[in-house]
Amino acid sequence: MADFLLELFSEEIPARMQAQAAADLRRLVTGALSDQGLSYMGAASFATPRRLALHIAGLPERQEDRREVKRGPRVGAPEAAVQGFLKSAGLNSIDEAQIEVEPKKGEFYVAIIERPGRGTAELLSEILPGLLKNFPWPKSMRWGSASAAPEALRWIRPLHSILATFGPETEETQIVPFSLDGVTAGNVTYGHRFMAPGAITVRRFDDYVRSLESARVVLDPERRRNIILFDAQSLAYAQGLELIVDTGLLEEVAGLVEWPVVLVGEFDAEFLAIPSEVIQATIRANQKCFVLRDPNTGSLANKFILTANIVASDGGEAIAAGNGRVVRARLSDAKFFYDTDLQVKLEDRLAKLENIVFHEKLGSQGERVRRLIELAGAIAPQIGADVEAAKRAAKLAKADLTSEMVGEFPELQGLMGKYYALAQGEPEAVATAIGDHYKPQGPNDRIPTEPVAMAVALADKFDTLVGFFAIDEKPTGSKDPYALRRAALGIIRLILENELRLPILGLTEGALNGYLADENNADVRAVAKPDLPDAVLNFFADRLKVYLREKGARHDLIDAVFGLGEQDDLLLIVRRVDMLGAFLDTEDGSNLLAGYRRAANILKAEEKKAGAEEAKSYQEAFAPERFVMEEERDLAAALLAAATAAIHAIVDENFATAMQALSNLRAPVDSFFEKVTVNSEDRTLRLNRLRLLNGLRTAVHQVADFSKIAG
Amino acid sequence: MNTAAIAPQNSAPAVFDPRRSFQGLILALQKFWAEAGCALLQPYDMEVGAGTFHPATILRALGPRPWRAAYVQPSRRPKDGRYGENPNRLQHYYQFQVILKPSPENLQDLYLGSLAAIGIDAHLHDIRFVEDDWESPTLGAWGLGWECWCDGMEVSQFTYFQQVAGIECAPVAGELTYGLERLAMYVQGVENVFDLNFNGGEGAERISYGDVFRQAEQEYSRHNFEAANVETLFQHFRDAEAECQSLLAKGAQGERQLMVLPAYDQCIKASHIFNLLDARGVISVTERQSYILRVRELAKACGREWLKTEAGGG
């Protein structure tokens, strides 16, 4: 058994690409080896800012010898066929072939081809150049004098050296010989850029990792992350503070250093007057540093954690001081922006929104705000929100887009508006609504729960969704450039989690009218199709199914409820699905389902046999006077009672009662099928019985389309 | 407060010392890059938004001929003016620009050497290459590279040009851009750009960056935001655009182009006028894109024609 070690040593690889690149390297090389019939015991890949490394353990030194049997033409076949066979089997003459006799078929030529297994190292040196030349970097570049040629190697940044060794676990290894656009594979790598830049000769993975560690390189990104996290938490603790863990930042920072050294920096406490989200965004985005909080008060501390890449000769004092200066400069920018913003009232910013394009075909943010005011005002009374507060919040919701702070940190939109609204004395509900109206931004984001905030958040999303549907910019496949799926999911969560009763169709029309009322908006008028509300509703149905499926609801039950058609009240749909699931779990439910199926199957079979005209006549009402058997009459009576009760219950939105009413059908249905022959010789009797079964089907369908239920 | 982050090393006279004077920083970089084989050029004598606009970078990056140059370029960003009141923002500042074609194998090491030459010790400071791909929509250019950090501060931009004026670079040039004020603030340990020591003098002999530029920042901020005549600027933009196209047409002789440099000047001019109009706030978001496209078309035409000249390898 042998080990393979590969390292690609380059200039700094972007942090965000490292994990994927390491995974791709492992997948591609192991895949290519498997294609060659080479199995292995384990494979692991690693990335640092300057290297991608792959270790494959337990590889055979050679492929197995292979013996291939190739069947040729019949003995005595035409010369052309024989020649073709010789060529494909690599034989010189037909004498080298054997003859096999197959019973009843005759004699055939057969070639036995021996393929001796090739050395793994030799195969690797053949495989690697092509594989690396086509490496799937999200972006790649050319460099140096080689880049004069169009076919020059592309890599994420200039590639400086390749290490590739192969050999048994205990003995000397060999270099896997190959070269890539002038870079020749060897057994040498280099240590940390500043602390140990010298060359290191490597035999295999074990000494590679050890040598790198002593040359101040931690190869494994997970270990770097753990070091940073542990040291950051310890340093914070020593200061009496608590680290605000940010896993995305941790991952990025671990991709920016080969030898993490965690230090504490400080900024002036006066900056704590800036909203904490602004401080965090500033320090995170510009400096890639972690912020700390006081565990007692929960508020931000005027200290931060930075991760350097070297053990500095002064113990890091200059580095911490330098970072502190940059943070101060950034925070004084932020403070300047914040103070400047506070001097302008939100309503005085509205004029500028006229010049900010929302979408080329959907007009400006100013026009959008006017639509949002109307729409939020229309939604508010339906969900118990104060209408004037909702309109006020909608009016000011987008004003912060023209603020300096949001210009600098777009991710703070909404939130800054909230701060500025509070500062100018807006009511709490209005400020909260401004702050929350973009929410939820994703499946895990918080849902607004204040009625005014809900009204504006719903208006914002309906306006977006309907606008883009109107100009035919619907999501297709994996493409959803305007995040309409997210908007729909946001609406679904807002409605369901707050238990709101809102008709999707009504809101869609409301939003569309907002666009149509705007005289300037020729685009929407020109493009919007009459089927738009249905298209939006179907989109919601799809998103709701995805949402419910992820919550574990049965796929078929969702279909059964949607099968009823004309459902645009999401909360009722979900309640029906829940009730239906509960009902089917009862014995009455499962028996009724069985009875329903029997009825539906008979009807389906008969409808198939009959002409369209006749099949249609099954849907007419049955005639009670034509029943001859008691079971028929019982079922008919039970059906009338159950259907009436079910309809009333459904009108009252009491689905449990509706299903209970249907469950009363179970006994008469069972006796009916036990005693009554539907396909009577008497045509009149038969037709009437089919109509009775159709009555059963119709009654059941009031609750859900049972034909969609699986199992 | 520990701001004297840069330890003194040798003791050059203050007037030449990168840690004690702004001009010393420039001189140290010039000396370093001259030793690395660059032609030390002077600033281009037109208003540009960045050192990249200098024909010594943008045009010389195209075509097969090797090229090495370094120069200081005053850069104008009308929108960044703050009336001399912001400690970090200026509408006129200096870039130190280095262009090496083809990009040498040891470009990163050369760059780190240049930091050492201005007194930044890599064993004391945390120097990092952080992903920052560069793209200039107006120049139809992009490249991959980094922003270079020293103790968390961006001190340079490092780019391997991949495409310029819409044309693939073959071979690729490496470009380094140092933001001189920011770098000087760091090595001098100063928090406000106007407090930089410009000439290395002390007491009455001291000339600060503020002495040189504060009044200019105030006056140009007024000009850029309030006074520049918008109608004239629109007209100048149209004129420069037309002149650029006309010069290229007049300079075309068969396979050769004889007037690409004068034509490119007009492209630079159009770009700066656009920046002024933008600062005046008279260009809407939708128009903005179309102005950028118009400048890009000029840049692309100049790049294409450059390849038909001697220096362009045509």
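Just so it is clear, the model here is predicted, and its values are computed rather than measured.

Summing up its helical and strand segments, chain B has eight helices and eleven strands in all. Projected onto its principal axes, the C-alpha coordinates of chain B cover approximately 60 × 50 × 35 Å. Counting only residues that meet the buried cut, chain B has 59% of its 314 residues in that class. Partitioning the contacts of chain B with sequence separation of at least 6, the portion at a separation of at least 24 is 66%. For chain B, the computed accessible surface area is about 12,400 Å², with 51% contributed by carbon and sulfur atoms. Of the side chains in chain B, 28 bear a positive and 39 a negative charge, and the two mean positions are spaced by 4 Å.

All names here are of chain A. Direction vectors running N to C along helix α11 (residues 387–396) and helix α14 (residues 428–436) enclose 45°, while the axes themselves pass 9 Å from each other. Classified by the interaxial angle, the pair formed by α11 and α14 is oblique. For the pair α11 and α14, the sense of crossing is right-handed. On the side of α11, the interface is formed by Ala389, Arg392, Ala393 and Leu396, while α14 contributes Val430, Ala433 and Ile434. For the contact of α11 with α14, the per-class residue count stands at six nonpolar, no polar and one charged.

This part is about the confidence of the model for chain A. When pLDDT is low, close inspection of the predicted coordinates is not appropriate. For chain A, per-residue confidence averages 91 on the pLDDT scale, and residues scoring 70 or more make up 99% of the total. Summarising per-element confidence for chain A, the mean pLDDT is lowest in helix α18 (residues 522–527) of chain A (71) and highest in strand β11 (residues 188–190) of chain A (98).

With that settled, the discussion passes to the nonpolar core. Looking at soluble globular proteins, one finds that nonpolar side chains tend to be buried together. Residues A:Phe4, A:Leu52, B:Trp33 and B:Tyr178 are the most contacted members of the largest nonpolar core, which totals 246 residues. Examining the composition of this core, we find that 14 residues originate from one element, helix α15 (residues 451–470) of chain A, more than from any other. Dropping the residues within four chain positions of it, B:Tyr178 is found in contact with B:Leu29, B:Trp33, B:Tyr94, B:Gln95, B:Phe96, B:Val98, B:Tyr111, B:Ser114, B:Leu115, B:Val155, B:Ser156 and B:Leu183. Judged by nonpolar contacts, the second largest core, of 51 residues, contains B:Leu62, B:Ala165, B:Phe234 and B:Tyr291.

Cut-off values and rules
Residues numbered from 1 in each chain as written. Chains lettered and ligands numbered in written order. Predicted model: local features only at pLDDT ≥ 70, side-chain atom pairs only at ≥ 80, totals over all residues. Heavy atoms only, no water. Helix = DSSP H or I, 4+ residues; strand = E, 2+ residues; numbered from the N terminus. Buried < 20%, exposed > 50% of the residue type's maximum accessible area, 1.4 Å probe, protein only. Contact = heavy atoms within 4.5 Å. Areas by Shrake-Rupley, 256 points an atom, 1.4 Å probe, with all protein chains shown as cover. Lys, Arg positive; Asp, Glu negative; His and termini not counted. Charge placed at Lys NZ, Arg CZ, Asp CG, Glu CD. Axes fitted to C-alpha atoms, helices over the stretch in contact; angles between N-to-C directions. Parallel < 35°, antiparallel > 145°, perpendicular 65-115°, else oblique. Left-handed = near helix turned anticlockwise from the far one by under 90°. Nonpolar A, V, L, I, M, F, W, Y, C, P; charged D, E, K, R; others polar. pLDDT = per-residue confidence, 0-100. Core = buried A, V, L, I, M, F, W, Y, C linked by side-chain atoms within 4.5 Å.

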